[in-house]
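Observations on chain architecture
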Amino acid sequence: MAVNSFSLWIGVGAVLGLVLVFWRAPAEQAVQNLCAAFGVLVGAWMGARAAFVWAYAAAFANCPQQMWMVWQGGLSGPGAVLGALLMVGLLALLLRRSVWQAADAWLAPLLPPLVVMSWLAAWTAGVAYGAALPSDSLLAVATPPDGSPRWPLQWVAALLCWLLLGAEETSRRRFFAGQRSARMVLTLGWVLLLFSVLRVDPRPMWYGLPYDLWAALVIWLLGVGLFFAAWASWRRQRVLS
């Protein structure tokens, strides 16, 4: 069973995210948070694979058994975010935890390393690439699979996500539970929107726009909704107290 570099980079990001979850957790909650975060990763994986298979349904129609060969790559970033959010809600319900506190404890530490590594994985796999550049351009980077010189979209996206999501993860300015995770989803949404516009690789289209752009818009709107829902929950608790 051959494992491609895309899956390896994603795996590295997942491991780093789990380490960060464990490190950030209070000692009495470290093991539970680690197990829950692993469950969130499973949800992210399921969502990522389901979204990819749906987007490329025609390609899987003739070889349906390949739908389960996740070690060969084929994951959707927006699908991963949606799957992770659904799993946070489910696990919070099962473990009787506040969904907002659960999102901050289980999802927020996972996002920075996982998103950064996902963009680097896209570079190694030769997907989500930028426009072609002259070989003598200072900005040109050899891009797999053919090594053609291109604008380093994946590297720029990885750097921007590391700066923005990392700053949010380490920030101590938090006014209510759920703020950190909601702002991360919101930030990720507009970053995906921006770089979806800049991508030039072939993608499935819907109503004249690529699927990933629609998905990024959904994630951005979801981030807005999560932020105001968390804020409303905090305000309601303050009034009741």
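Everything that follows concerns the structure shown earlier in this document.
This report concerns the structure included in the present document. (Residues numbered from 1 in each chain as written. Predicted model: local features only at pLDDT ≥ 70, side-chain atom pairs only at ≥ 80, totals over all residues. Heavy atoms only, no water.)

**Some words on the nonpolar core**
One recurring pattern in soluble globular proteins is that nonpolar side chains are buried together. Core analysis: the largest hydrophobic core is formed by 49 residues, its most contacted members being Val40, Trp106, Leu107, Leu110, Val115, Trp119 and Cys161. A total of nine residues in this core trace back to one element, the largest contributor, which is helix H6 (residues 111–125). Setting aside anything within four residues of it in sequence, one finds Trp106 in contact with Val21, Asn33, Ala36, Ala37, Val40, Val88, Leu91, Ala92, Leu95 and Arg97. (Core = buried A, V, L, I, M, F, W, Y, C linked by side-chain atoms within 4.5 Å. Buried < 20%, exposed > 50% of the residue type's maximum accessible area, 1.4 Å probe, protein only. Helix = DSSP H or I, 4+ residues; strand = E, 2+ residues; numbered from the N terminus. Contact = heavy atoms within 4.5 Å.)

**Regarding the layout of surface pockets**
To locate leftover empty space, one rolls a probe as large as a water molecule over the atoms. Within this model, the second largest pocket holds a volume of roughly 240 Å³. What lines the second largest pocket is a set of 17 residues, among which Arg24, Pro26, Asp104, Ala105 and Arg180 lie closest to the centre. Contributing elements (two or more residues each) for the lining of the second largest pocket: helix H1 (5–24), helix H5 (99–107) and helix H7 (153–170). Tallying contributions element by element places H5 first for the lining of the second largest pocket, with three residues. (1 Å grid on protein atoms, 1.4 Å probe; cavity = no way out; pocket = protein on both sides within 12 Å on 5 of 7 lines; lining within 4 Å. Points joined across faces, edges and corners; volume = space filled by probe spheres on them.)

**Here's the deal with the packing of helix H8 (residues 179–198) against helix H9 (residues 211–240)**
Taken N-terminus to C-terminus, the directions of H8 and H9 make an angle of 155 degrees; their axes are 8 Å apart at the nearest point. The angle between H8 and H9 places the two elements in the roughly antiparallel class. Crossing of H8 over H9 shows left-handed handedness. Within the contact between the two elements, H8 uses Gln179, Ala182, Arg183, Val185, Leu186, Gly189, Trp190, Leu192, Leu193, Ser196 and Val197 and H9 uses Asp212, Leu213, Ala216, Leu217, Ile219, Trp220, Gly223, Val224, Leu226 and Phe227. Grouping the amino acids of the contact of H8 with H9 by side-chain chemistry returns 15 nonpolar, four polar and two charged. (Axes fitted to C-alpha atoms, helices over the stretch in contact; angles between N-to-C directions. Parallel < 35°, antiparallel > 145°, perpendicular 65-115°, else oblique. Left-handed = near helix turned anticlockwise from the far one by under 90°. Nonpolar A, V, L, I, M, F, W, Y, C, P; charged D, E, K, R; others polar.)

**Examining the pattern of salt bridges**
Scanning the model with the defined rule gives six salt bridges in all. For Asp212, the salt bridge identified is with Arg203, shortest N-O distance 2.9 Å. On the accessibility criterion, Asp212 (14% relative accessible area) is buried. (Salt bridge = Lys/Arg side-chain N within 4 Å of Asp/Glu carboxyl O.)

**Things to note about the environment of Val197**
Tracing the sequence through the fold places Val197 in helix H8. Among the residues examined, Val197 registers a relative accessible area of 58% and is labelled exposed. Note: C-alpha distance between Val197 and Leu209 (twelve residues apart in sequence) is 9.5 Å.

**Structural notes on the side chain of Arg97**
Inspection of the secondary structure puts Arg97 in the loop between helix H4 (77–95) and H5. Salt bridges are absent for the buried Arg97, whose nearest opposite-charge side chain, Glu28, sits at 9.3 Å. Not counting chain neighbours up to four residues away, the residues in contact with Arg97 comprise Gln29, Gln32, Asn33, Ala92, Ala105 and Trp106. (Lys, Arg positive; Asp, Glu negative; His and termini not counted.)

**Here's the deal with H7**
In a regular helix each residue adds 1.5 Å, so 18 residues correspond to 26 Å; H7 covers 25 Å between its end C-alpha atoms and thus fits that length. Of the positions making up H7, those classed as buried are Leu153, Gln154, Ala157, Ala158, Cys161, Leu165, Gly166, Glu168 and Glu169. Along H7, the residues classed as buried sweep out an arc of 160 degrees about the axis, all on the same side. Contacts from the buried residues of H7 go to H1, H6, strand E1 (141–143) and H8. (Expected span 1.5 Å × (residues − 1). Arc of directions from axis to C-beta.)

**What about a nonpolar patch on the surface?**
Side chains of Leu159, Trp162, Leu163, Leu164, Trp190, Leu194, Val197, Leu198, Leu217, Trp220 and Leu221 sit close together on the surface and give an oily, nonpolar patch of about 1000 Å² of accessible area. Secondary-structure elements contributing two or more residues to the nonpolar patch are H7, H8 and H9. Looking at where Trp162 falls in the secondary structure, it is placed in helix H7. Taking the relative accessible area as the measure of exposure, Trp162 reaches 54% and is therefore exposed. (Patch = residues over 30% accessible without salt bridge, like charges linked within 9 Å, V, L, I, M, F, W, Y side chains within 5 Å. Areas by Shrake-Rupley, 256 points an atom, 1.4 Å probe, with all protein chains shown as cover.)

Shape descriptors only; they carry no functional weight alone.
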